[in-house]
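# Summary of the model geometry
Chain residues, written in single-letter form:
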Amino acid sequence: MKYFIDTANLDQIKEAHDLGVLDGVTTNPTLMAKEGIKGHDAVYNHYKTICEIVKNGDVSAEVTTVSFKDMVEQGKSLAAIHKNIVVKVPMTVDGVKAMKWFTDNGIRTNCTLIFSAGQAMLAAKVGAAYVSPFIGRIDDSGWDGLELIQQIATIFAVQNIKSQILAASIRSSLHIIKCAEAGANVCTCPLDSIIGLTKHPLTDIGLQKFMEDAKKFQ
Ligand code: G3P
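Residues numbered from 1 in each chain as written. Predicted model: local features only at pLDDT ≥ 70, side-chain atom pairs only at ≥ 80, totals over all residues. Heavy atoms only, no water.

Right, let's talk about the site of the ligand for a bit. Near the ligand you find Asp6, Asn28, Lys88, Phe134, Arg137, Ala168, Ser169 and Arg171, and these make up its full shell. Between the ligand and aspartate 6, the relevant distance is 2.5 Å, taken from an oxygen atom to a side-chain nitrogen or oxygen of the residue. One nitrogen or oxygen atom from the side chain of arginine 171 is found 2.7 Å from an oxygen atom belonging to the ligand. Burial of the ligand by the surrounding chains reaches 81%, relative to a free accessible area of 310 Å². (Near = heavy atom within 4 Å. Polar contact = N/O pair within 3.5 Å; in protein donor to acceptor, adjacent residues only side chain to side chain. Areas by Shrake-Rupley, 256 points an atom, 1.4 Å probe, with all protein chains shown as cover.)

Here's what the structure looks like:
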């Protein structure tokens, strides 16, 4: 499973990269707004900087338009920023049409706001490189996000579908482990949830004892 970081914060992206586990980045309008980036040039420069930090990994840049025509125009311009930009498109009727256009024109897409297997199937049908089920938001609403990952993974395996399942809206380190178990190809996570994978109380206790004993022979 690949590890993406779900943020537009450059310090966090650098930290994940320095940890050696960063395979890519996903952003969305909420995450971009959080960084206080304003205006066309600033936004495009920010995406370019993210691509340069990630080096070889994919970076999802989301359209902020809703009509087919506007999404196509904006997506073309986002894709031109860097070869690793993947255009993030919402699961709507116009979004499906736009993803088909992007596929036919050699632009890779990540279909966002996926909350059902049918949505994932349709995104895959029009050639989305990634489909992004939002598992945390499903859990928040009293359903089981991981069940959706399992269902999509089963359908994609049975049907030999090549789109990658990108588990999004991750809330914890346990979500990452469960997504790997359920068959996600990619998990896009907050930095804390990735760092959380390093933690175990027995590791801390064991390390403390080793350090104490090390003093006895140094
Ligand atoms: O980037 C899409 C997704 O990961 C959003 O997560 O935490 O806003 O539900 P969240």
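Having put the structure on the table, let's press on.
Counted under the stated rule, the structure contains three aromatic pairs. Ring centres of phenylalanine 4 and tyrosine 130 lie 5.9 Å apart, and the angle between their planes is 65°; this geometry places the pair in the edge-to-face category. Taken together, the residues phenylalanine 4 in strand S1 (residues 2–6) and tyrosine 130 in strand S6 (residues 130–133) connect sequence positions 126 residues apart. This pair shows no difference in class: phenylalanine 4 is buried, exactly as tyrosine 130 is. Aromatic side chains tryptophan 101 and phenylalanine 102 sit 5.7 Å apart centroid to centroid with 85° between the ring planes, which places their arrangement in the edge-to-face category. For tryptophan 101, a relative accessible area of 27% corresponds to the partly exposed category. (Phe/Tyr/Trp six-rings, centres within 6.5 Å; stacked < 30°, edge-to-face > 60°. Helix = DSSP H or I, 4+ residues; strand = E, 2+ residues; numbered from the N terminus. Buried < 20%, exposed > 50% of the residue type's maximum accessible area, 1.4 Å probe, protein only.)

Let us now look at the packing of helix H8 (residues 145–158) against helix H9 (residues 173–182). The interhelical angle for the contact between H8 and H9, taken along N-to-C directions, is 25°, at an axis separation of 9 Å. When the axes of H8 and H9 are compared, the pair comes out roughly parallel. In the crossing of H8 with H9, the sense of the turn from one axis to the other is right-handed. Here Leu146, Ile149, Gln150 and Ala153 of H8 lie close against H9, whose contacting residues are His175, Lys178, Cys179 and Ala182. When the residues that make up the contact of H8 with H9 are grouped by side-chain class, the tally is five nonpolar, two polar and one charged. (Axes fitted to C-alpha atoms, helices over the stretch in contact; angles between N-to-C directions. Parallel < 35°, antiparallel > 145°, perpendicular 65-115°, else oblique. Left-handed = near helix turned anticlockwise from the far one by under 90°. Contact = heavy atoms within 4.5 Å. Nonpolar A, V, L, I, M, F, W, Y, C, P; charged D, E, K, R; others polar.)

Let us look at the pairing of S6. Residues Tyr130 and Ser132 of S6 are buried on one face, and the alternating residues Val131 and Pro133, pointing to the opposite face, are buried as well. With three bridges joining them, strand S5 (residues 109–114) and S6 adopt parallel strand pairing. Considered in S6, the bridge of asparagine 110 is made with tyrosine 130. The β-α-β motif built from S5, the intervening helix H6 (residues 117–125) and the parallel element S6 has right-handed crossover chirality. Note that S6 and strand S7 (residues 164–167) share two bridges and pair parallel. By the bridge assignment for S7, tyrosine 130 is matched with glutamine 164. (Pairing = 2+ DSSP bridges. Right-handed = clockwise from strand over helix to strand, strands pointing away.)

Bringing unusual backbone geometry into the picture now. One non-glycine residue with positive phi stands out, namely lysine 55, at about 65°. Checked against the element boundaries, lysine 55 lands in the loop between helix H3 (40–54) and strand S3 (58–62). One non-glycine residue, asparagine 160, lies in positive phi territory at about 55°. Structurally, the position occupied by asparagine 160 is in the loop between H8 and S7. Residue asparagine 160 is classed as exposed on the basis of its relative accessible area, which comes to 53%.

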